[in-house]
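Overview (structure and organization)
The residues making up each chain are set out below.
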Amino acid sequence: MDAAIADAEAEANTDEPGKAKGGTEGFKLLPRLPERDGFSTIAPLVFSLPQIRWSSQSMVPHTNIQGSLLRNTTTLIYGAPSHTASPRALPHWTECDEFANGDTALIQPASPLAHGEWYFAGVRGLRDERSGDLLEPAPGVRRAQEVVAKALAAGLGDDGDDADDDSGDIMDFVEDGSEEAEEGDERGEKRRLAVRALWRLVQVLRKHPNGHDHNWVRSWVNATDLQAAWAFPTISADSSLGALNHMRNITMKWLDAQPRRMPPSKVVKVDREECSRGKGTPRIVWGQLVAPSFLENHYSRYSGLDDDGWGGWDDTVGWVMVLPCSVLQHPSKQSGLTSRVQNVRSIVQYGHGLFADRSEVTEDWVTSMAQDNQWVLVATDWRGMTRFDTPVVLQALMSEPQKIINTVGNIKQSFVHQALLLSLAPSLASEQLVKGSTEVDADSSWWSAFSSASTTTTTDSFTDSFNATSDHGELAFLESVPRVFYGVSNGAVLGAGYTSWVAPTKLLSRAALTSGGANFAGLLLSRSSEFSVYALVLDLCFFERRSVRLLLILMQMVWDPLEAASWANLETNDPGNRLTPTMTRVPTLVQAGAGGEYPPLCRV
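Per chain, residue numbering runs from 1 following the sequence as it is written. With pLDDT at 70 or above as the cut-off, local features in this predicted model cover only qualifying residues; side-chain atom pairs require 80 or more to be listed or tallied, and sums for whole chains, interfaces and linings still use all residues. Heavy atoms from the whole structure form the basis of all side-chain values; hydrogens and water molecules are not counted.

1. Comments concerning the sheet that holds strand β8 (residues 265-271)
Condition: A strand pair is defined by DSSP finding two or more bridges across the two strands. Helix numbering and strand numbering both begin at the N terminus, where a helix is a DSSP run of H or I of at least 4 residues and a strand a DSSP run of E of at least 2. Only the stretch in contact is used when fitting a helix axis, every axis being a line fitted to C-alpha atoms; angles between N-to-C directions are given from 0 to 180 degrees. A contact between two residues is defined here by any heavy atoms of the two lying within 4.5 Å.
Strands sit in the order β8-β11-β12-β14-β13-β15-β16-β17 across an open sheet of 8 strands; the sheet is mixed. Whereas interior strands pair on both sides, the edge strands pair on one side only; in this sheet they are β8 and β17 (588-591). The mean inter-strand angle of the sheet, taken between neighbouring strand axes irrespective of direction, is 20 degrees. In this structure, strand β12 (residues 314-323) lies alongside strand β14 (residues 375-380), joined through 4 bridges in antiparallel fashion. From the neighbouring strand, Val320 faces β14, where its bridge partner is Ala379. Along the sheet face, helix α7 (residues 364-373) touches β12, β13 (346-351), β14 and β15 (483-488) and points at about 145 degrees away from the line of β14.

Here's what the structure looks like:
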């Protein structure tokens, strides 16, 4: 499997032609997705103790993240922040989970964990604020400490495999079950998990005797107030990001095969402007473009990504463009401008909110900003998170949670749509501003040439048609205009991941994100007022909110590739990463949107 991925990546970056399904040359199929091999790098850690809801005052709050690195911290995440750094205590905050009615607590890392690493997490010293007493430890923790103490007293070292787990020999010291069963851990499974976690910590500390925080962290092994201990691996970069990385690479190769690197497109409807002296109602242009489809069935929102990747078939995608009167007005002689395209200050790609669609870009509050700042606005749907996808999400929440993978697959496909619209936007604006026509002719030679141009046929008639209808000087000017992404609410959540994903193409100049945040399923979703209806649906499927929280954390594992933090955390020196990290970054303004509940305040 790993070799197949490496080979596919190598072939995707060579100029030698290949063959895909449908007879399309020059492209390779995506490898089948590897199984997820670890937990999310950005989701909160979840734990529960008796009476945990009454212990919030002894937790590290988000207002004092530095406190999580002090000796008296009550929660610990210990491990390497990157593949070249030594293990250390990592910054985080802890809070009672109000969504789960206070029955669980969340430990949220303040920065992403490294891909493909092991981490130790522990809890100690939490007190019931009503009585001041320590909370009871989780079942199995005390007996696990006894096992580790016996192993250390016996001089047990590592098992010689040069790995940090070393759980083979330590398990010889675990009771065989002859002792009386412990309440809550009748089969001893929780004890064994705690033993493995504590022994892993011992071995890491032995391997790095002069590491950061070594002295005070080793006291956690035999701490009398230890209440919980566990260890976990994070997902590898290949497993988390490999599919979406390939989709970007193949999409750019598909785009290179199009005449003048423009995807086929046509206008299907124009809402005429009503302008007077540079003010009034904008022109709204509705159209479609052609994009490669990586979905198993692009006609169905219930379908996810095809395991074989792109098989040579394409799909039509709707888009909308808004040209305000400040852009449409003809320049005066006094202005010194010679063409309407010179009115354009920026081409702004808009990302709509939760379960909306591309028509949101035509709302007055958006178009008024375009009018004031002389923007051309373009938008397409976040496929997978539009109003048309609501039944799919409801089905996943009510009965088939595994279907959330299909929703994420559709959103990944929408990243492809967004990137192609971004590449096409200058040409669409040029067509409107240079020709100046608002008539739609479905049989026009311009669309006919576009629609006949595909990855299998590139016709001279397309080039002739293009040269006849566009002024290349005007188009060159528009291609030099900054292309900016602006996302609001869920558009900001997805937009952060999209702008990080598209950054290596250098199509974007900058971005602005309003009322967004991360991580989506693990932290933000349950705090949004719009989630209340879906929470009621989930209440019908689970006995308690704690189980709902665990479902959301599992969903976040699938959602990780859509988060900016996952892409920003790629490392060149990660031995398990065959993706190509890039230092390309899109300058981004993050606007918290204080008081917003769709989702709420932007998180760290």
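2. Section: the packing of aromatic side chains
Filter applied, for reference: Each Phe, Tyr or Trp ring (for Trp, its six-membered ring) is paired with any other whose centre lies within 6.5 Å, and the angle between the two planes then decides the class: stacked below 30 degrees, edge-to-face above 60, tilted in between. Exposure categories follow from relative accessible area, calculated using a 1.4 Å probe and restricted to protein chains: below 20% of the type maximum is buried, above 50% is exposed, and the middle band is partly exposed.
Enumeration according to the criterion identifies 15 aromatic pairs in this entry. Between Tyr350 and Trp365, the aromatic rings sit 6.2 Å apart at their centres with planes inclined by 75 degrees, giving edge-to-face as the arrangement. Pair noted here: Tyr350 is in strand β13 and Trp365 is in helix α7, with a separation of 15 residues, a long-range link. Tyr350 gets classed as buried once you look at its relative accessible area, which sits at 1%.

3. Here we look at the sheet that holds strand β3 (residues 88-89)
Strand order in the open sheet made by the 4 strands is β3-β2-β6-β7, with antiparallel pairing throughout. Looking at the sheet topology across the chains shown, the edges are occupied by β3 and β7 (226-233). Alignment of strand β6 (residues 118-124) against β7, held across 7 bridges, turns out to be antiparallel. In the strand pairing of β7, Phe120 is matched with Ala231. Against the sheet, helix α3 (residues 189-207) makes contact with β2 (75-79), β6 and β7, and its axis sits at roughly 75 degrees relative to β7, the strand it touches most.

4. Things to note about the pairing of β15
Buried residues dominate β15, accounting for 6 of its 6 residues. Side chains of β15 alternate between two faces, with Arg483, Phe485 and Gly487 and Val484, Tyr486 and Val488 buried alike. Direction of pairing for β13 relative to β15: parallel, over a ladder of 5 bridges. Residue pairing across strands places Gln349 opposite Phe485, the latter belonging to β15.

5. Describing the layout of surface pockets
Inclusion rule: Points on a 1 Å grid, built from protein atoms alone, make a cavity when a 1.4 Å probe fits but cannot get out and make a pocket when they are open with protein on both sides within 12 Å along at least 5 of 7 lines; residues with an atom within 4 Å of a point are the lining residues. Grid points are joined across faces, edges and corners, and a volume is the space filled by probe spheres set on the points.
The volume enclosed by the largest pocket comes to roughly 1,100 Å³. Residue lining of the largest pocket: 33 residues in total, with Val46, Phe47, Leu193, Ala229 and Trp230 positioned closest to the centre. Those elements that provide at least two residues to the lining of the largest pocket are β1 (45-47), α3, β7 and α16 (545-559).

6. Let's talk about the side chain of His214
For His214, the position within the fold is in helix α4 (residues 214-218). Not counting residues up to four positions away in its chain, the partners in contact with His214 are Leu205, His208 and Pro209.

7. Observations regarding unusual backbone geometry
Excluding glycine, most residues fall at negative phi; most peptide bonds, likewise, are trans. Each neighbour pair has its own omega, and for Ala518 with Asn519 the value is -5 degrees, a cis peptide bond. Within the secondary structure layout, Asn519 lies in the loop between β16 (510-514) and α14 (520-524). At Asp213, a position not held by glycine, the phi torsion is positive, near 60 degrees. Among the structural elements, Asp213 can be located in the loop between α3 and α4. Relative accessible area serves as the criterion here: at 24%, Asp213 is assigned to the partly exposed category. Notably, Arg260 is not glycine yet its phi reads approximately 55 degrees, a positive angle.

8. What about the environment of Val195?
Positionally, Val195 belongs in helix α3. Along the chain, Val195 and Val141 lie 54 residues apart, while their C-alpha atoms are 8.0 Å from each other.

9. Thoughts on the side chain of Glu182
The condition is simple: The definition of a polar contact used here is a pair of N or O atoms within 3.5 Å, where within protein one atom must be able to donate a hydrogen and the other to accept one, and adjacent residues in sequence count solely through side-chain atom pairs.
Structurally, the position occupied by Glu182 is in the loop between α2 (141-153) and α3. A polar contact is formed between the side chain of Glu182 and the backbone nitrogen of Gly140, at a distance of 3.1 Å. Excluding residues that lie within four positions of it along the chain, Glu182 makes contacts with Pro139, Gly140 and Arg143.

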